[in-house]
Amino acid sequence: MTTILLAHGAGGGIQANYAALIEDLSRDHTVIGLDLPGTGAAPRRSEPLTVDGLADELVAAGAGHDRFAIVGYSLGSALAIRAAVRHPDRVSALVLTAPFARPTARFTLLVELWRELLGNPEQLAAFGHLLGAGAPYLDRFTEPELAASLAAGSFPPGTADHLDLIDRVDVRADLARITVPTLVISTTHDTMVTPYHHREVADGIESAAYAELASGHLPFVEAPDEWIRLIRGFLDDQSRVTPSETAAAATASATADATRGSKGDGMM
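These notes cover the structure that comes with them. Within each chain, residues carry numbers counting from 1 in the order of the written sequence. Residues qualify for local features only when their pLDDT is at least 70, as the model is predicted, and side-chain atom pairs are given and counted only at 80 or more; totals for whole chains, interfaces and linings, by contrast, use all residues. The side-chain figures draw on all heavy atoms in the structure; neither hydrogens nor water molecules are used.

1. What to know about the pattern of salt bridges
Put simply, the rule is: Should a side-chain nitrogen of Lys or Arg be within 4 Å of a carboxyl oxygen of Asp or Glu, the pair is scored as a salt bridge.
As enumerated under the stated definition, the model contains 16 salt bridges in all. Between Arg27 and Asp24 there is a salt bridge, with its nearest N and O atoms 3.0 Å apart. A cluster of three or more residues bridged by salt bridges with shared partners is formed by Asp24, Arg27, Asp28, Arg232 and Asp236.

Shown next as structure tokens:
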């Protein structure tokens, strides 16, 4: 039985982003989810959130489990990447859906508009649908279906803090230090975190596997079965790797890091 940690996206939550995945994986895996501050039962915090702090808290949630895979979505992918770099002895694999390494100018503009709309629920719901949903998915809605979906939308109280954290995310230097098996899932109809970001992450991680999913930024809504199939398939492949193979890979990685360090080019 593999242990899996879940890291959700900004303005989301473990149940909001992962309910269907948890139901599937819990049949034969131990699944642990950590709600970000201001989400679910987790209270908001007075101090600014940090990538390092949340990455450490994510790993701490796996206390009692020697090693675990981390499934990260959107902002949660950046936390998963940082966790793998800060705790390489604990993280055995990564699955990163719609990831980004740092906000580009376009993404920063999007976050600024999102932040300004937090006090206007109706406009925020429209904004979320236009950018969160893929166009092919949203175009199929009837007017009554769209009205019902807009009325049902909500964001947790910690969303503003999550958006502030996005402004400070930069894990580009971490990508080359990832040595565990990694799957990057690109949501190809995504206009929130565009495939440009997904490819940047995949290209920065040596030997990362790359899969495309015909979905907007909400694969758990638009294409849940295919999304779960991709994640489960990758994790099941990793669970078939023997402990001796994992130990050998870790030893080889540590030796390579030591060699690079002796040449003066291993520091980041």
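2. Some points on the pairing of strand S6 (residues 209-213)
Consecutive side chains of a regular strand alternate in pointing toward one face of the sheet and then the other. Rules: Two strands qualify as a pair provided that DSSP identifies no fewer than 2 bridges between them. Strands are runs of DSSP state E lasting at least two residues, helices are runs of H or I lasting at least four, and both sets are numbered from the N terminus onward.
In the sheet, strand S5 (residues 182-187) pairs with S6 via 5 bridges, with the strands oriented parallel. Bridge assignment links Ile185 to a residue of S6, and that residue is Ala211.

3. Details of the packing of aromatic side chains
For the record, the criterion: Two aromatic rings from Phe, Tyr or Trp, using only the six-membered ring of Trp, form a pair when their centres are within 6.5 Å; if the ring planes differ by under 30 degrees the pair is stacked, by over 60 it is edge-to-face, and anything between is tilted. For every residue, the accessible area obtained with a 1.4 Å probe (protein chains only) is divided by the maximum for its type, and the residue is called buried under 20%, exposed over 50%, and partly exposed between those limits. The rule is short: NZ of Lys or CZ of Arg within 6 Å of the ring centre and within 35 degrees of the ring normal puts a charge over the ring.
Under the defined criterion, the tally for this structure stands at 7 aromatic pairs. Taking the centre distance of 5.2 Å and the plane angle of 70 degrees together, the rings of Tyr137 and Phe141 count as edge-to-face. According to the relative accessible area criterion, Phe141 is partly exposed, its value standing at 23%. Ring pairing ties together the aromatic residues Tyr18, Tyr73, Phe220 and Trp227, which thus form one cluster. Against the face of Tyr210 rests Arg199, its NZ or CZ located 3.7 Å from the ring centre.

4. Notes on helix H5 (residues 121-132)
The following threshold applies: By definition here, a helix of n residues has an expected span of 1.5 Å times n minus one.
Helix length check: H5, at 12 residues, gives a terminal C-alpha distance of 15 Å against a target of 16 Å (1.5 Å per residue), a fit within 8%. Those residues of H5 that sit buried are Leu124, Ala125, Phe127, Gly128, His129, Leu131 and Gly132.

5. Things to note about the packing of helix H1 (residues 14-25) against helix H12 (residues 224-239)
Just so we agree on the cut-off: Angular values range over 0 to 180 degrees, each being the angle between N-to-C directions of two axes fitted as lines to C-alpha atoms, with helices fitted over their stretch in contact. Orientation labels follow simple angle bins: below 35 degrees gives roughly parallel, above 145 gives roughly antiparallel, 65 to 115 gives roughly perpendicular, and whatever is left gives oblique. The hand of a helix crossing depends on one turn: near helix anticlockwise from the far one by less than a right angle means left-handed, and clockwise means right-handed. A contact between two residues is defined here by any heavy atoms of the two lying within 4.5 Å. All amino acids are sorted into three groups, where Ala, Val, Leu, Ile, Met, Phe, Trp, Tyr, Cys and Pro are nonpolar, Asp, Glu, Lys and Arg are charged, and the leftover types, Gly among them, are polar.
Between H1 and H12, the least distance of the axes is 10 Å, while the angle of their chain directions is 45 degrees. One element, H1, and the other, H12, form an angle in the oblique class. You can see that H1 and H12 cross each other, and the crossing is right-handed. On H12, the residues touching Asn17, Tyr18, Ala20, Leu21, Asp24 and Leu25 of H1 are Trp227, Ile228, Ile231, Arg232 and Leu235. Grouping the amino acids of the contact of H1 with H12 by side-chain chemistry returns 8 nonpolar, 1 polar and 2 charged.

Any functional reading would require information beyond the geometric quantities listed.
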